[in-house]
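Here are the chains, one letter per residue:
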Amino acid sequence: MSLVRVQYRPFFSPMVQTPPSLSSTLARLHPFDSLSPSALSQLLQTAQLFRYRVGQPLALREVLSQQVLVILEGQVRLLGQDPRSQQPLTLERLGEGNLVGAVSLVRGLPCETAIASSEVVALNLPAYTFLQYLQDYPAFGRPIRDQIYLIEAFDLLSQHAKDQALDLGDLK
């Protein structure tokens, strides 16, 4: 019997350098623009930049993420699952400034599947830090907590159609 060596390849690769303009980039993105420079600087101390390759998942609906990603560059497909065919549907293309993983954390249950559709550079914020900022900075947390997200509406509509055995046609 011979052993096969398997090389572990992470879903993402950390970026070695942090661009000096990261603070100013984040400061112009909503809702980060509501944070003071010191709060933003403190947030960035816990953050890491990652690069995702095309096709790599940024979030999976079966797993409650331990991070929130802020897309800085590239495109991400937010996917929903058609309850009838169990096939993924692209609900939205996300780009610069969009958050991935925030909806799941706010709801307290995983609901997002997001896949890189181009090379993506994202700022990964630890979930515990993100949740603390939602609580400590109301002007930052309110727009995130109070928003109705597309994936939530899609899941509700899908579940209703499934429960009622309705054929609503294309759920997008």
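Worth saying up front: this structure is predicted, and the values here are computed from it rather than measured. (Residues numbered from 1 in each chain as written. Predicted model: local features only at pLDDT ≥ 70, side-chain atom pairs only at ≥ 80, totals over all residues. Heavy atoms only, no water.)

**A look at the packing of aromatic side chains**
Argument step 1. Scanning all chains against the criterion turns up 4 aromatic pairs.
Argument step 2. Each ring, one from Y133 and one from Y137, has its centre 4.8 Å from the other, and the planes form 35°; the classification is tilted.
Argument step 3. The exposure class of Y133 is buried, given its relative accessible area of 6%.
Argument step 4. Ring centres of Y133 and F140 lie 6.4 Å apart, and the angle between their planes is 85°; on these two criteria the pair is classed as edge-to-face.
Argument step 5. A residue is classified by how much of its surface remains accessible, and F140, at 1% relative accessible area, is buried.
Argument step 6. By the ring-pair criterion, three or more aromatic residues cluster together here, those being F32, F130, Y133, Y137 and F140. (Phe/Tyr/Trp six-rings, centres within 6.5 Å; stacked < 30°, edge-to-face > 60°. Buried < 20%, exposed > 50% of the residue type's maximum accessible area, 1.4 Å probe, protein only.)

**Concerning the layout of surface pockets**
Argument step 1. In this model, the largest pocket occupies a volume close to 350 Å³.
Argument step 2. Considering the residues around the largest pocket, the lining is formed by 18 residues, among which L94, N98, L99, Q147 and Y149 are closest to the centre.
Argument step 3. At the level of secondary structure, the elements contributing two or more residues to the lining of the largest pocket comprise strand 6 (88-94), strand 7 (99-100), helix 5 (138-145) and helix 6 (150-164). (1 Å grid on protein atoms, 1.4 Å probe; cavity = no way out; pocket = protein on both sides within 12 Å on 5 of 7 lines; lining within 4 Å. Points joined across faces, edges and corners; volume = space filled by probe spheres on them. Helix = DSSP H or I, 4+ residues; strand = E, 2+ residues; numbered from the N terminus.)

**Observations concerning unusual backbone geometry**
Argument step 1. A cis amide bond links H30 with the next residue in sequence, P31, at an omega value of 5°.
Argument step 2. With respect to the helices, strands and loops of the structure, P31 is situated in the loop between helix 1 (22-27) and helix 2 (37-46).

**Looking at the side chain of Q56**
Argument step 1. Looking at the secondary structure, you find Q56 in the loop between strand 2 (48-52) and strand 3 (57-59).
Argument step 2. You can call Q56 buried: its relative accessible area is 6%.
Argument step 3. A polar side-chain atom of Q56 sits 2.5 Å from the main-chain amide nitrogen of R53. (Polar contact = N/O pair within 3.5 Å; in protein donor to acceptor, adjacent residues only side chain to side chain.)

**Re the sheet that holds strand 3**
Argument step 1. In spatial order, the strands read 3-8-5-6; together these 4 strands make up an open sheet with antiparallel pairing. With one partner strand each, in any of the chains shown, strand 3 and strand 6 form the two edges of the open sheet. Each strand axis lies, on average, 35° off the axis of its neighbour in the sheet, ignoring direction.
Argument step 2. In terms of strand pairing, strand 5 (residues 76-81) meets strand 8 (residues 113-116) through 4 bridges, oriented antiparallel. Pairing of L78 across the sheet is with A114, part of strand 8. (Pairing = 2+ DSSP bridges. Axes fitted to C-alpha atoms, helices over the stretch in contact; angles between N-to-C directions.)

**A closer look at the confidence of the model for the protein**
Low pLDDT marks regions whose predicted coordinates should not be analysed in detail.
Argument step 1. The share of residues in the protein with pLDDT of 70 or more is 84%, and the mean pLDDT across the chain is 85.
Argument step 2. When the criterion is pLDDT under 50, residues 1-12 qualifies, and its contacts beyond four places in sequence or with other chains add up to 10 contacts. (pLDDT = per-residue confidence, 0-100. Contact = heavy atoms within 4.5 Å.)

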